[in-house]
Amino acid sequence: MKSNISKPRAILRIHFHPVERTEELYGHLLAVVDGISSRVEPLPADWSAYVDLTGALTYWGRDAEGLVAVLRLRLLALHGVQCSAGAGPTRSIAAMAADATPPGAATVVRDDPYEIATFLRTKAVSALPGIGPKTARTLARYGITSVGDIADAQLPTLQRILGTTAARLAHDRALGIDDRPVVPGAAPRTMSASRRFDRDELDADQHHRAVLGLVQDLGGRLRTSGEIAQALTLTVTYADRTQTTRSRSLTEPTAHTPALATTARALLTGLGLQRARVRTLALRAERLLPAADTVHQLTFDPSDDKLRRLETALDRAAARYGPGITGAASAYPRARQGDRYAGGLRPPRTRSA
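Residues numbered from 1 in each chain as written. Predicted model: local features only at pLDDT ≥ 70, side-chain atom pairs only at ≥ 80, totals over all residues. Heavy atoms only, no water.

Trainee: Even after reading the chapter, I still don't get the sheet that holds strand S1 (residues 11-17), so can you show me in this structure?
Mentor: The strands making up a sheet associate through hydrogen bonds between their backbones, and the pairing can be parallel or antiparallel. Read from one edge of the open sheet, five strands run S2-S3-S1-S4-S5, paired in mixed fashion. Two strands close off the open sheet at either side, each with one partner strand: strand S2 (40-43) and strand S5 (105-108). This sheet shows a mean twist of 15 degrees between the axes of neighbouring strands, independent of strand direction. In terms of strand pairing, S2 meets strand S3 (residues 48-52) through four bridges, oriented antiparallel. Across the sheet, the residue bridging to Pro 42 is Ala 49, located in S3. Each of S1, S2 and S3 touches helix H1 (residues 23-34); the most contacted strand, S2, lies at about 160 degrees to it. Running at roughly 145 degrees to strand S4 (residues 82-88), helix H4 (residues 91-99) makes contact with S1, S2, S3, S4 and S5 of the sheet. (Pairing = 2+ DSSP bridges. Helix = DSSP H or I, 4+ residues; strand = E, 2+ residues; numbered from the N terminus. Axes fitted to C-alpha atoms, helices over the stretch in contact; angles between N-to-C directions. Contact = heavy atoms within 4.5 Å.)

What follows is the structure in structure tokens.
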């Protein structure tokens, strides 16, 4: 007779904290995780992953705490990488537990109503996935400041504040209800470029020039391979080998250098690197798709079409004369009135015979 009793769910959210980030290393770390459970959903943008441990608990004969401890030990022993991990019966609880956990530690919330309520109710509303700063401020005006307040609120009241869909999601997750599964799959393809300075670089202009070069490199390689990017990630490695990483989605998937440059420039500016001693800058194009999947938004600006035609000419020049022949200036167009070349781009230089 088939039992109607379902197994307790155990979902893990794990964040990797390596000294230096490379696509190859991320793949190795996922392979270690896959050795514990094959149900792994990679999240390369922030170097994390979701893992469904439900079946693995029975296979390994361990509880969630023991299995997470084994996984953390393997990552450290095989690759020297610390991680922070959070586990719980749902994706949202696992994510909240991981966010509240420092590197080298783990937080596990068991699939028990009392333990779930104890974990959730005292958390600030901003800790609940899907509640951003603006929504948190809106809720605070109505005296709703904790996840417990959301759980206790009448759903019609929340719907008047947040809208029907957002209110139902917030209310369910505040009660520990989240049926979203872990969706196994290979890590989305990425492409990266990096620049290591000859010495620790303090000059902000040099930081910008380096990022310009990385943007042009990535744009050309994406177009050559027939791919488009959905997001960019900028990683800065400092003199003491610490790192800062920022990611941002593109307005539309693209391999167009000026569009990539706009996002890369925003990432770099947002880091505020004034007087920072920078050793390495790395730019990564995330979540690549075939170029055939692109949907370019039409504009009435003729300079956009000119930029794209000129970009094609620059790619041909680079293919003929070698990378870098067109210079990094093409990464940042300046739409100056009267400029012969749209957006301030310059034609390719040719080498003398």
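Trainee: Looking at this structure, how should I read the pattern of salt bridges?
Mentor: Opposite charge on two side chains lets them pair, provided their charged atoms get close. In this structure the tally under the stated criterion is 12 salt bridges. We note a salt bridge from Asp 46 to Arg 13, for which the minimum N-O separation is 3.1 Å. Highlighted residues: Asp 46 in the loop between S2 and S3 and Arg 13 in strand S1, separated in sequence by 33 residues. The partly exposed category is assigned to Asp 46, whose relative accessible area is 35%. For Asp 178, the salt bridge goes to Arg 180, with nearest N and O atoms at 2.7 Å. Classification of Asp 178 as buried rests on a relative accessible area of 6%. Connected through salt bridges with shared partners, the residues Glu 65, Arg 110 and Glu 115 form a single ionic network. (Salt bridge = Lys/Arg side-chain N within 4 Å of Asp/Glu carboxyl O. Buried < 20%, exposed > 50% of the residue type's maximum accessible area, 1.4 Å probe, protein only.)

Trainee: Quick question: what am I supposed to make of unusual backbone geometry here?
Mentor: A negative phi angle is the norm for most residues apart from glycine, just as the trans form is the norm for most peptide bonds. In this structure, Arg 241 takes a positive phi of about 75 degrees despite not being glycine. Summarising the element assignment, Arg 241 is placed in the loop between strand S7 (227-238) and strand S8 (243-254). Phi at Arg 287 takes a positive value of approximately 50 degrees, unusual for a residue other than glycine. Turning to its location among the elements, Arg 287 is positioned in the loop between strand S9 (278-286) and strand S10 (289-290). What makes Arg 287 partly exposed here is its relative accessible area of 29%.

Trainee: What is the right way to read the environment of Thr 263 from this model?
Mentor: When you line up the elements, Thr 263 lands in helix H11 (residues 257-271). A relative accessible area of 9% places Thr 263 in the buried class. In contact with Thr 263, other than residues within four places in its own chain, are Leu 232, Arg 248 and Leu 250.

Trainee: Would you mind showing me how to read the packing of H1 against helix H3 (residues 64-79) here?
Mentor: Each pair of packed helices gets described by two things: the angle between the helix axes and the distance between those axes. Across the interface, H1 lies against H3 with an axial gap of 10 Å and an inter-helix angle of 140 degrees. In terms of orientation, H1 and H3 fall into the oblique class. The crossing of H1 and H3 is right-handed. Only Leu 71, Arg 74, Leu 75, Leu 78 and His 79 of H3 make contact with H1, whose side of the interface consists of Leu 25, His 28, Leu 29, Val 32 and Val 33. Per-class residue counts for the contact of H1 with H3 are seven nonpolar, two polar and one charged. (Parallel < 35°, antiparallel > 145°, perpendicular 65-115°, else oblique. Left-handed = near helix turned anticlockwise from the far one by under 90°. Nonpolar A, V, L, I, M, F, W, Y, C, P; charged D, E, K, R; others polar.)

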